[in-house]
Amino acid sequence: MSLRYLHEQACFDVLYDQNGNAIPEKIDQILHEIDLGLWDNYLFGNYEMYKNAKSQIEMANAFQRVLSQQQQIDAANTNK
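Every value quoted in this text rests on a predicted model; they were computed, and no experiment measured them. (Residues numbered from 1 in each chain as written. Predicted model: local features only at pLDDT ≥ 70, side-chain atom pairs only at ≥ 80, totals over all residues. Heavy atoms only, no water.)

1. Section: the overall build of the chain
We count it as follows: Runs of H or I in DSSP of at least four residues are treated as helices and runs of E of at least two as strands, each being numbered from the N terminus. The cut-offs for exposure are 20% and 50% of the maximum accessible area for each residue type, with area from a 1.4 Å probe on protein chains only; residues under the lower value are buried, those over the upper are exposed, and the others partly exposed. Note on areas: Shrake-Rupley, 1.4 Å probe, and residue coverage restricted to the protein chains presented here.
Scanning the chain for helices and strands turns up three helices and zero strands. Ordering the α and β elements of the chain from the N terminus gives α-α-α. Relative to its full complement of 80 residues, the chain shows a buried share of 9%. Accessible surface, the chain: about 6,900 Å² in total, of which carbon and sulfur atoms supply 56%.

What follows is the structure, encoded as structure tokens:
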């Protein structure tokens, strides 16, 4: 997710000249801001959202497995 955020930021028109070429000074400014840690909150926040979404998916999959196993047990007990 952090790379996606960085990609979105890198697509801003102010970073490019009229011919569509990157302005080296603007790119250097962004890299300098990243080195200083000014982007840490943005990049870390996106990473946290990714981790939370991934955890929710894993938890939903775990519950689904448990429910499926319980249904199989119930079906087996019903057939006895």
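2. With respect to helix α2 (residues 24–36)
Just so we agree on the cut-off: By definition here, a helix of n residues has an expected span of 1.5 Å times n minus one.
With 13 residues, α2 extends 18 Å between its outermost C-alpha atoms, agreeing within 8% with the 18 Å of an ideal straight helix rising 1.5 Å per residue. Positioned one or two residues after α2, Gly 37 has a phi angle of 90°, which is positive.

3. Considerations on the environment of Ala 10
Defined as follows: Contacts are residue-level and defined by heavy atoms, with any inter-residue pair within 4.5 Å sufficient.
Assignment of secondary structure puts Ala 10 in helix α1 (residues 2–10). Placed 20 residues apart in sequence, Ala 10 and Ile 30 show a C-alpha to C-alpha distance of 8.8 Å. Apart from the residues lying within four places of it in its own chain, the contact partners of Ala 10 are Leu 15 and Tyr 16.

4. Focus: the confidence of the model for the chain
What counts here: Confidence of the predictor in every single residue is expressed as pLDDT, which spans 0 to 100.
When pLDDT is averaged across the chain, the result is 82; 82% of the residues are at 70 or more. Element-level pLDDT for the chain is lowest in α1, with a mean of 67, against a maximum mean of 87 in α2.

5. Looking at the environment of Ile 30
Note on placement: Ile 30 falls in helix α2. Judged by relative accessible area, which is 14%, Ile 30 ranks as buried. In sequence terms Ile 30 and Gln 9 are 21 residues apart; their C-alpha atoms lie 9.3 Å from each other. Not counting residues up to four positions away in its chain, the partners in contact with Ile 30 are Leu 15 and Trp 39.

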